[in-house]
Amino acid sequence: MVVVRFILGQIILLINWLTTPRGIKRSEHVQTMVDQQTQQLALYQFNACPFCVKVRRAIKRLSLNIALCDAKNNDTCRQELLEGGGKVKVPCLRITNDDGSVQWMYESSDINSYLEQRFNTTD
């Protein structure tokens, strides 16, 4: 089963690489503001997870600079996810609010909806 999962993961990554979306274009000023806002976000993910690929594609399409934390191969990231989010489940978006509070958002569709609502602007 491990071999099948590995092969499927590699196929997913190949298809993702072949069909990578283009990012939206923003003015330099707006992109700088978006970059500042994304400094408060981090995506905990596994490289070949299809749901993580879905979120990374949205990040690319929206031209976001969100830190990626490999919760599978990086023990520090894995521990942060477990302690902060309460479970090692990916994808998970860590949102640090302006008041310093932290929100952990699971589920790829919820994460993508949040990113679309917050960052889908070119002006």
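Above: the structure in question.
Because the structure is a prediction, the values reported are computed rather than measured.

Novice: An account of the packing of helix α1 (residues 2-18) against helix α3 (residues 50-61) is requested, with residue identities and associated values reported.
Specialist: Running from N to C, α1 and α3 cross one another at 15°; their axes reach a closest spacing of 10 Å. In terms of orientation, α1 and α3 fall into the roughly parallel class. In the packing of α1 onto α3, the handedness of the crossing is right-handed. Of the residues in α3, those in contact with Ile12, Leu13 and Asn16 of α1 are Pro50, Val53, Arg56 and Arg57. Looking at the contact of α1 with α3, its residues break down into four nonpolar, one polar and two charged.

Novice: Just give me the short version of unusual backbone geometry, but keep the residues and values in it.
Specialist: Cis geometry marks the peptide bond from Val90 to Pro91, where omega comes out at 0°. Along the polypeptide, Pro91 turns up in the loop between α4 (75-85) and β3 (92-96). One non-glycine residue, Ser63, lies in positive phi territory at about 55°. The topology assignment puts Ser63 in the loop between α3 and β2 (67-70). Positive phi values are uncommon outside glycine, yet Glu107 reaches one of about 80°. With respect to the helices, strands and loops of the structure, Glu107 is situated in the loop between β4 (102-106) and α5 (108-119).

Novice: With reference to specific residues and values, describe the pattern of salt bridges.
Specialist: This structure, assessed with the given rule, holds two salt bridges. Between Arg61 and Glu116 there is a salt bridge, with the nearest N and O atoms lying 3.3 Å from each other. Here Glu116 lies in helix α5 and Arg61 lies in helix α3, a separation of 55 residues in the sequence. A relative accessible area of 34% means that Arg61 is categorised as partly exposed.

Novice: So, the sheet that holds strand β1 (residues 41-45): which residues are in play, and what are the values?
Specialist: Spatial ordering of the open sheet is given by β2-β1-β3-β4, a layout of four strands whose pairing is mixed. Strands with a single pairing partner mark the edges of an open sheet, and in this sheet they are β2 and β4. Along the sheet, successive strands turn relative to each other by an average axial angle of 25°, direction set aside. Packing against the sheet, α3 makes contact with β1 and β2, and its axis sits at approximately 150° to β1.

About the cut-offs
- Residues numbered from 1 in each chain as written.
- Predicted model: local features only at pLDDT ≥ 70, side-chain atom pairs only at ≥ 80, totals over all residues.
- Heavy atoms only, no water.
- Axes fitted to C-alpha atoms, helices over the stretch in contact; angles between N-to-C directions.
- Helix = DSSP H or I, 4+ residues; strand = E, 2+ residues; numbered from the N terminus.
- Parallel < 35°, antiparallel > 145°, perpendicular 65-115°, else oblique.
- Left-handed = near helix turned anticlockwise from the far one by under 90°.
- Contact = heavy atoms within 4.5 Å.
- Nonpolar A, V, L, I, M, F, W, Y, C, P; charged D, E, K, R; others polar.
- Salt bridge = Lys/Arg side-chain N within 4 Å of Asp/Glu carboxyl O.
- Buried < 20%, exposed > 50% of the residue type's maximum accessible area, 1.4 Å probe, protein only.
- Pairing = 2+ DSSP bridges.

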